[in-house]
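Letter by letter, the chains look like this.
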Amino acid sequence: MDALFPLSDTQALMQDSLSRWLQDHAPFERRAGLLATPEAITPLWTGLTQSLGLLGAALPEESGGLGGGLADHLVILQALGHALLPEPYAACVVTGAGLLQRLPGARARQLLAGVADGTVRPVLAALEPSGRHDLSQVATTVRSGDGASRLSGRKAVVRAAPYATHWLVSARDEAGTLRLALVRPDASGISRRDLRLADGGWAAELAFDATPAEALLGDAGTDLLPLLLQAADEALLAAGAEAVGVMQRLMHDTLDYVRQRQQFGTPLASFQVVQHRLADMHMAWLLARALVGATLAAMDQPAPERRRAVASAQVAVARAARSVGQGAVQLHGGMGMTDELAVGHAFKRLTLIEHHFGSVDVHLRRVAAYQPLR
Amino acid sequence: MVSSPACNQSTAADDAFRDEVRQFLATELTDDLRLAGQRTAGIFTDHDDGQRWFRILARRGWAVPHWPVQWGGCGWTPRQHAIFASELSAAQAPVLAPQGVRMVAPVLLAFGTPEQQARWLPAIRNGDDYWAQGYSEPGSGSDLASLQCKAVRDGDSYVINGTKIWTTHAQWANRIFCLVRTSSAGKPQQGISFLLFDMDTPGITVRPIISISGDHELNQVFFDDVRVPATALLGEENKGWTIAKYLLVHERGGTYAPALRARLGRLQRAAVQAFADRPADDDERRDVARLLADAACRIDALHALEQQVLAARIRGEDQPIAPSVGKLLGTELRQFITEIAVTIAGPYGAARLPQADCAAHVLALPEDAIWAMSTYLNDRAASIYAGTNEVQRNLIAQHLLSH
């Protein structure tokens, strides 16, 4: 695996053992089975927790983790991306735990320790049916009274929701402040529709009708939008690392295929038009890999700089994802269209990453807004 | 333990170095030199201003920072090289022609005899010599190995007959390095030799080639029974192809992002001015802002990649296609930025006159707009020189397919 940034010995070892474990226990032939139902993922989760002890690698030491931080998330997701199995790690450990880590209170600490030992899988439910990718457009409400907080509203295409033990639901309180409500999937007043995603993953459409929240996380009066934006940026960069892993696999498979496949009495690889497309795919991948790695250093900068840097990285990732994804399908010809090969599945995963938190245009606009022409 | 890419962390020593470079630029980069740099629409600044700036750098010991320290190099870290390049670009210093410092010097260092090194390198370093590159011929462009310009050994001399084309700044050069055919036996690559000699040797004529931008950077050079000493030969006779390729890799190397970032800053300022009197919700302003953001993102990615390549080079990793990748991405991004410049120029982009004349009238014209079209036209060459981008894609694909 070509590194996103110079890895420490520990990181290199971690990525290597994860990659080998995935090759042995979750090769492409078993992937469909692992995704057949939300419960079928259990062997992967158990492996990450028990065989590899990886869940806590990035989490803070005081919560039972090893303190590797976002850098370790990227290293892990690059390998999970290569295996086309990013979830539930991305949603639960990067985003879910990332939020808990920054929320005050004993309950958050307790849940975080649960993430590190594999018993808690928190998933953020933030976007709403008409809100596009805007984390601030929240019509869901939370009202407190009679010693309980009750949640009402709807959340759209909540990725990895069926895997969750807890949902972190964004909602506005009486004062209009954005809060996070901790909700258990078996609470009352929940309508739920589990969805298969185009990339084979799981999501759910959720509606709440006076659903009792187990707790309201965060301090009363503190709007959590900045925290959600930070979590979204981290999720986006992590998805970039994942995409780098997916693309690496696609480049490998595609180079293999064009070397072997003969047409007009000669390998496809001998055609210059094919060669040039491969060169362009490779360069797009190189750029994405370099910028995802370099953006790590921008993650502790003030929010405007961080948001701009992540948007820029996502532009490189989304463009590479399209170039490599579409190119791989095209160069595989009819074989690229079948459900039997990994190439089609990798392409679908890249397509979803490309639109993760908005298209290239959304992110370009964000970069443009950082430096207005005035 | 949180690890982050070392290349993005600036140390106190780096900051001090940056201050030192800025201090130097504040005192030594005079307004007229800055203006010459700003007006550079071609690949390099014109000879006179370029050499004037080069000698100032030479006095400070900063003319050949990449060279080995024993020959006058600075022994800087990659980070320091990046800082130096970005500060010079940001200050709009003249852009120096690379034929001496970055093209012939690396091959002299790698393949020259001690006598050849002692003869040529100091004069490059102090700015006394100005070199031209004799590679392409009318019939040999991308297929360089098919070159026909001939050199025949005659006693202690070689006698050269033939022609070279696209010879940048040959009208200013007092030295030239040439690929010549010394044998027609075997594969075309096998009969090529690398010669270095004086431009005032009898039998050499230079014909100007005016480019589509109206500038005179290029020439065709004719050799008519030109007799040069046998010591002009670099390396072995008929083994010049290896040297030629080594030079091309150096020509393609280097970083693009610092200069592109500076150029983008200039476009940003030009755009602010161009749209100053337009309404706040002007559609075209929004379009241009988006184009500039697009270029900024692409520069971010190229910068990250260049830093990664630099760091890997320091670790001693072999990166055979990195020069091709860098040349391709750098030149195509450069061309994209010139397209944006023309968009920002608006109607004034159509006018053609020397930039120096823009203000010299009661009806002044925006110099940035004139520069924009000129640089757009000139920069079409970027995907052609140093091995066309088609050839670079071939090289990248061949590497990918054989690994």
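Each chain carries its own residue numbering, running from 1 in the written order of its sequence. Naming scheme: in the order in which they are written, chains are lettered from A and ligands are numbered from 1. In view of the model being predicted, local features appear only for residues whose pLDDT reaches at least 70, and side-chain atom pairs are presented and counted only at 80 or more, with totals across whole chains, interfaces and linings using the full set of residues.

## A short note on the interface of chain B and chain A
Quoted interface sizes are often the accessible area lost when the parts come together. By definition, residues are in contact whenever their C-beta atoms, placed on the basis of the backbone, come within 7 Å of each other. Between chain B and chain A, the residue contacts involve 37 residues of the former and 37 residues of the latter. Those elements giving two or more residues to the side of chain B that touches chain A turn out to be α8 (257-274), α9 (283-314), α10 (322-345) and α12 (389-401) of chain B. The secondary structure listing takes helices from DSSP runs of H or I that are at least 4 residues long and strands from runs of E that are at least 2 residues long, numbered from the N terminus. Examining the composition of the side of chain B that touches chain A, we find that 16 residues originate from one element, α9 of chain B, more than from any other. The nonpolar class holds Ala, Val, Leu, Ile, Met, Phe, Trp, Tyr, Cys and Pro. Asp, Glu, Lys and Arg form the charged class, and all remaining residues, Gly among them, are polar. A class-by-class count of the residues in the side of chain B that touches chain A yields 24 nonpolar, eight polar and five charged.

## Regarding the domain arrangement of chain B
Each domain of chain B was delimited in the assignment, giving domain 1 (9-96), domain 2 (131-239) and domain 3 (253-401). Note that the domain bounds reflect an automated or database-derived domain assignment. The centre of domain 1 of chain B, based on its C-alpha atoms, is set 31 Å off from the matching centre of domain 2 of chain B.

## Focus: the packing of helix α9 (residues 303-331) of chain A against helix α11 (residues 360-370) of chain A
Geometry of a packed helix pair, given as the angle between the helix axes and the separation of the axes. All names here are of chain A. The geometry of α9 relative to α11 is characterised by a closest axis approach of 9 Å and an angle of 145° between their N-to-C directions. Every pair of crossing elements has a handedness; the one defined by α9 and α11 is left-handed. Together, Pro 304, Arg 307, Arg 308, Ala 311, Ser 312, Gln 314, Val 315, Ala 318 and Arg 319 of α9 and Val 360, His 363, Leu 364, Arg 366, Val 367 and Tyr 370 of α11 make up the contact between the two elements. Note on definitions: angles span 0 to 180 degrees between N-to-C directions of axes, and those axes are lines fitted to C-alpha atoms, for helices only across the stretch in contact. Crossings are classed by handedness, with left-handed meaning an anticlockwise turn of the near helix from the far one by less than a right angle and right-handed meaning a clockwise turn.

## Looking at the nonpolar core
For the purposes of this analysis, a nonpolar core is taken to be any set of buried Ala, Val, Leu, Ile, Met, Phe, Trp, Tyr and Cys residues that are connected through C-beta atoms within 7 Å. With C-beta atoms placed from the backbone, the exposure class of a residue follows from how many other C-beta atoms lie within 10 Å of its own: 20 or more, buried; 12 or fewer, exposed; in between, partly exposed. Counting residues in each nonpolar core, the largest one holds 178 residues, and the members touching the most others are Val 123, Leu 287 and Ala 288 of chain A together with Leu 292 of chain B. With 18 residues, helix α7 (residues 225-260) of chain A is the largest single contributor of residues to this core. Leave out the neighbours within four places in its chain, and Leu 292 of chain B touches Ala 368 of chain A together with Leu 264, Leu 267, Gln 268, Ala 271 and Ile 340 of chain B. Of all hydrophobic cores here, the second largest spans 55 residues; its members include Ala 63, Val 180, Val 226 and Leu 247 of chain B.

## Brief notes about α11 of chain A
Inspection of α11 of chain A places Val 360, His 363, Leu 364, Val 367 and Ala 368 of chain A among the buried residues, and these make up the whole buried set. The buried residues of α11 of chain A occupy an angular sector of 145° when the element is viewed end-on, so they sit on one face. Among the structural elements, α9 of chain A together with α9 of chain B are those in contact with the buried residues of α11 of chain A. Here, the arc refers to the directions that run from the helix axis to the C-beta atoms.

## Quick look at the pairing of strand β5 (residues 192-198) of chain B
Residue and element names in this part refer to chain B. Counting buried positions along β5 yields six of seven residues, so the element is predominantly enclosed. Strand pairing requires that DSSP identify at least two bridges connecting the strands. Sheet topology places strand β4 (residues 175-181) next to β5; seven bridges connect them, and they run antiparallel. What sits directly across from Cys 178, in β5, is Leu 195.

## Thoughts on unusual backbone geometry
All names here are of chain A. Cis geometry marks the peptide bond from Glu 87 to Pro 88; its omega dihedral reads 5°. Mapped onto the elements, Pro 88 comes out in the loop between α4 (69-82) and α5 (89-102). Residues other than glycine seldom take positive phi values, yet Ala 160 does so here, at roughly 70°. Within the secondary structure, Ala 160 is located in the loop between β3 (148-159) and β4 (166-172). On the basis of neighbour counts, which here come to 26 C-beta atoms within 10 Å, the residue Ala 160 falls in the buried class.

## Regarding the packing of α5 of chain A against α7 of chain A
Residues and elements named next belong to chain A. Between α5 and α7, the shortest axis-to-axis distance is 10 Å and the interhelical angle comes to 150°. Here α5 lies roughly antiparallel to α7, going by the angle between them. Between α5 and α7 lies a crossing of right-handed hand. Here α5 contributes Ala 90, Val 94, Thr 95, Gly 98, Leu 99 and Arg 102 to the contact with α7, which in turn contributes Leu 227, Ala 231, Glu 234, Ala 235, Ala 238, Ala 239 and Glu 242. Along the lines of polarity and charge, the residues of the contact of α5 with α7 split into eight nonpolar, two polar and three charged. Each angle is binned into one of four classes, with values under 35 degrees roughly parallel, values over 145 roughly antiparallel, values of 65 to 115 roughly perpendicular, and all other values oblique.

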